[in-house]
Amino acid sequence: MPDSLRNILTTTVSHPARQVPCPHCKATVGKPCVLRTNGRTLPEPHHTRIAAWEQSTA
């Protein structure tokens, strides 16, 4: 992982992947990911959202 991304991940309060919509649960920008079955919010974004964010910043 590049140092610039590592610094962002360790210094922000919410995960920077929230800057993109989640392709898995369809959470909008800035909103936390949710479980599709019961709507419960997740403490961390889905892996597909993290991957989408990584691709958009690369």
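Residues numbered from 1 in each chain as written. Predicted model: local features only at pLDDT ≥ 70, side-chain atom pairs only at ≥ 80, totals over all residues. Heavy atoms only, no water.

**Observations concerning the overall build of the protein**
Rules: Each helix corresponds to a stretch of at least 4 residues labelled H or I by DSSP, and each strand to a stretch of at least 2 residues labelled E; elements are numbered beginning at the N terminus. Only protein chains enter the accessibility calculation, which uses a 1.4 Å probe. A residue is then buried if its area is under 20% of the maximum for its type, exposed if over 50%, and partly exposed in between. Whether two residues are in contact is decided by their heavy atoms: any pair within 4.5 Å suffices. For accessible areas, the Shrake-Rupley method is used with a probe of radius 1.4 Å. Any residue's cover is judged against the shown protein chains and nothing else.
Each helix and strand in the protein was counted, giving two helices and zero strands. Across the 58 residues that make up the protein, the buried fraction comes to 26%. Pairs at least 24 residues apart make up 40% of the contacts formed inside the protein by residues separated by at least 6 positions. For the protein, the exposed area adds up to about 4200 Å²; of that, 56% sits on carbon and sulfur atoms.

**What to know about the environment of arginine 40**
Secondary-structure assignment places arginine 40 in the loop between helix 1 (3-11) and helix 2 (47-57). Judged by its relative accessible area of 55%, arginine 40 is exposed. Contacts of arginine 40, omitting those with residues within four sequence positions, involve Cys33, Val34 and Leu35.

**Quick notes on the side chain of histidine 15**
Here is the rule we go by: In protein, a polar contact means a hydrogen-donor-capable atom and an acceptor-capable atom, both N or O and within 3.5 Å, with residues adjacent in sequence counting only if both atoms are side-chain atoms; elsewhere, any N or O pair within 3.5 Å suffices.
Structurally, the position occupied by histidine 15 is in the loop between helix 1 and helix 2. Residue classification places histidine 15 among the buried positions, given a relative accessible area of 17%. Looking at histidine 15, its side chain comes within polar contact range of the main-chain nitrogen of alanine 17, at 3.0 Å.

**A word on the environment of arginine 18**
Tracing the chain through its elements places arginine 18 in the loop between helix 1 and helix 2. What makes arginine 18 partly exposed here is its relative accessible area of 22%. When the C-alpha atoms of arginine 18 and arginine 49 are compared, they prove to be 7.8 Å apart, with 31 residues separating the residues in sequence. For arginine 18, the contacting residues outside a window of four places in its chain are Val29, Gly30, Lys31, Pro32, Leu42, Pro43 and Arg49.

**Some details on unusual backbone geometry**
Even without being a glycine, lysine 26 presents a positive backbone phi close to 65°. Here lysine 26 is to be found in the loop between helix 1 and helix 2.

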